[in-house]
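Survey of secondary and tertiary structure
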Amino acid sequence: MRVITTILLLLAAGSATAQCDPSIHMFNIPYEKNSSYFPSAYSSKLDAISEEHKGEDGYLLLEFQVQEKQRSDELRAYNLWLAQRRIDRVKSYLTDAHFAAPVVTRILTAGVDKRRDISVSWCPSEKTPSPVRLVESKEALVNGKVKL
């Protein structure tokens, strides 16, 4: 019964996903085919985000879209690997530049377009309290069985 209660509490809490208002999308970082290096012009844009949001509560969201349908499993695996390398390069740059806010990354694997860019968005922290509530379980052991 304790396991069921725990599972129900976890389901009630919902999943922890990064959600961001699309209106705060800042820019896309394009990549050359088969390359994980972003153009140097985007270094200054990343630096500007750091200055613009210094001291603000929030996080930077990096998203990369991979096509759902690929010619082969090997090509899909390569494209997922390359997507991760591209995101890692941006994260490494931000770390080296002492970017203070958290960086959340997502690789979207159901894309329909052939794209080679990382979407960069700033996500302010929620101003309202979280709707998640924890429930205290009142269990008692009666005749060797758990009773609520």
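Now for a quick tour of the structure.

Quick notes on the rules
- Residues numbered from 1 in each chain as written.
- Predicted model: local features only at pLDDT ≥ 70, side-chain atom pairs only at ≥ 80, totals over all residues.
- Heavy atoms only, no water.
- Phe/Tyr/Trp six-rings, centres within 6.5 Å; stacked < 30°, edge-to-face > 60°.
- Helix = DSSP H or I, 4+ residues; strand = E, 2+ residues; numbered from the N terminus.
- Buried < 20%, exposed > 50% of the residue type's maximum accessible area, 1.4 Å probe, protein only.
- Lys NZ or Arg CZ within 6 Å of the ring centre and 35° of its normal.

1. Comments concerning the packing of aromatic side chains
As enumerated under the stated definition, the model contains three aromatic pairs in all. Here phenylalanine 27 and tyrosine 42 contribute two aromatic rings whose centre-to-centre distance is 6.0 Å and whose plane-to-plane angle is 35°, an arrangement assigned as tilted. Taken together, the residues span a long stretch of sequence, with phenylalanine 27 in strand E1 (residues 25-30) and tyrosine 42 in helix H2 (residues 41-52) at a distance of 15 residues. Each member of the pair phenylalanine 27 and tyrosine 42 is classed as buried. An angle of 35° between the planes, with centres 5.8 Å apart, marks the rings of tyrosine 78 and tryptophan 81 as tilted. Placement of both tyrosine 78 and tryptophan 81 in helix H3 (residues 73-96) is noted, with a separation of three residues, approximately one turn of the helix. The cationic tip of lysine 45 hangs over the ring face of phenylalanine 27; the distance from NZ or CZ to the ring centre is 5.4 Å. Between arginine 89 and the ring centre of tyrosine 37, over which it is positioned, the NZ or CZ distance is 3.8 Å.

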